[in-house]
Amino acid sequence: GNDTWSGTNWVEAKLTVAAAISRATGGDEIWVARGTYPGHLTLKPDLALYGGFAGTEAVRDQRDWTNQLSVLWGTTNQAVVNITNAGPVTRLDGFTIGGGNGIHGGGIAMVGAGPVIANNTIRNNITDGAGAGISIWGFHILRSTNYHFPTITNNVIVDNQSINDEGDGAGIGVVGSSPLIA
């Protein structure tokens, strides 16, 4: 891929996930092919990010996120994926997410957000606060009346570490929210 290309099909694919997110608008779906994508992302509200593609699919149901690994890997001291002010249309689905090291949330950090987090493997993240794998800070942070609770479903959350002395959750840390976890 090339970040100067349109990103509207596999032939014109972007090189980085960040460039695809930058170009996308609410309601768009971004399909990510197998491979490792280093860096950190901020997922826009009402944007769906799907991994697990070989790079030839014509419809989303053709993807195989268990065998075509799309890996989002952190490179500096912050969460790999940040999600703020997003509702249930926002989705992160079909990735391996690791290498994050944040104050709150190493893999995924949510603030005032209620996205769908599905079909991911979230591993090898570190935090000095709550939720090395997934950190959820609820509506009270933003004083929002439009807050939706997150849905966390069909994920594997393993080998994450909270390094503080307070025993905050290494897998999922929740403050001021009531996510649906299944």
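Each remark here, short or long, concerns the structure printed above.
Residues numbered from 1 in each chain as written. Predicted model: local features only at pLDDT ≥ 70, side-chain atom pairs only at ≥ 80, totals over all residues. Heavy atoms only, no water.

## Notes on the pattern of salt bridges
Scanning the entire structure with this criterion turns up 4 salt bridges. Linking Arg 60 and Glu 29 is a salt bridge whose minimum nitrogen-to-oxygen distance equals 2.6 Å. Of this pair, Arg 60 sits in the loop between β4 (48-53) and β5 (70-73) while Glu 29 sits in strand β1 (residues 29-33), and the two are 31 residues apart along the sequence. Here Arg 60 falls in the partly exposed class, since its relative accessible area comes to 29%. (Salt bridge = Lys/Arg side-chain N within 4 Å of Asp/Glu carboxyl O. Helix = DSSP H or I, 4+ residues; strand = E, 2+ residues; numbered from the N terminus. Buried < 20%, exposed > 50% of the residue type's maximum accessible area, 1.4 Å probe, protein only.)

## What to know about the sheet that holds strand β10 (residues 108-111)
Ordered in space as β3-β6-β10-β14-β18, the 5 strands form an open sheet in which the pairing is parallel. Lying at the two open borders of the sheet, with one neighbouring strand each, are β3 (41-43) and β18 (172-175). Geometrically, the sheet is characterised by an average inter-axis angle of 15° between neighbouring strands, direction not taken into account. Pairing between β10 and strand β14 (residues 134-137): 4 bridges, direction parallel. Looking across to β14, one finds that Ile 108 is bridged to Ile 134. (Pairing = 2+ DSSP bridges. Axes fitted to C-alpha atoms, helices over the stretch in contact; angles between N-to-C directions.)

## Section: the packing of aromatic side chains
Applying the stated rule across the entire model yields 3 aromatic pairs. Look at Trp 10 and Phe 53: their rings are 5.7 Å apart centre to centre, the planes differ by 50°, and that puts the pair in the tilted class. Of this pair, Trp 10 sits in the segment before α1 (17-23) while Phe 53 sits in strand β4; the two residues are 43 residues apart in sequence, bridging distant segments of the chain. Taking relative accessible area as the criterion, Trp 10 reaches 25% and is therefore assigned partly exposed. Arranged with centres 4.7 Å apart and planes meeting at 10°, the rings of Trp 31 and Phe 53 form a pair that is stacked. With Trp 31 in strand β1 and Phe 53 in strand β4, the pair connects residues that are 22 residues apart, well separated along the chain. Using a relative accessible area of 27% as the deciding quantity, one classes Trp 31 as partly exposed. We classify Phe 53 as buried; its relative accessible area is 0%. Through successive ring pairs, a cluster of aromatic residues spans Trp 10, Trp 31 and Phe 53. (Phe/Tyr/Trp six-rings, centres within 6.5 Å; stacked < 30°, edge-to-face > 60°.)

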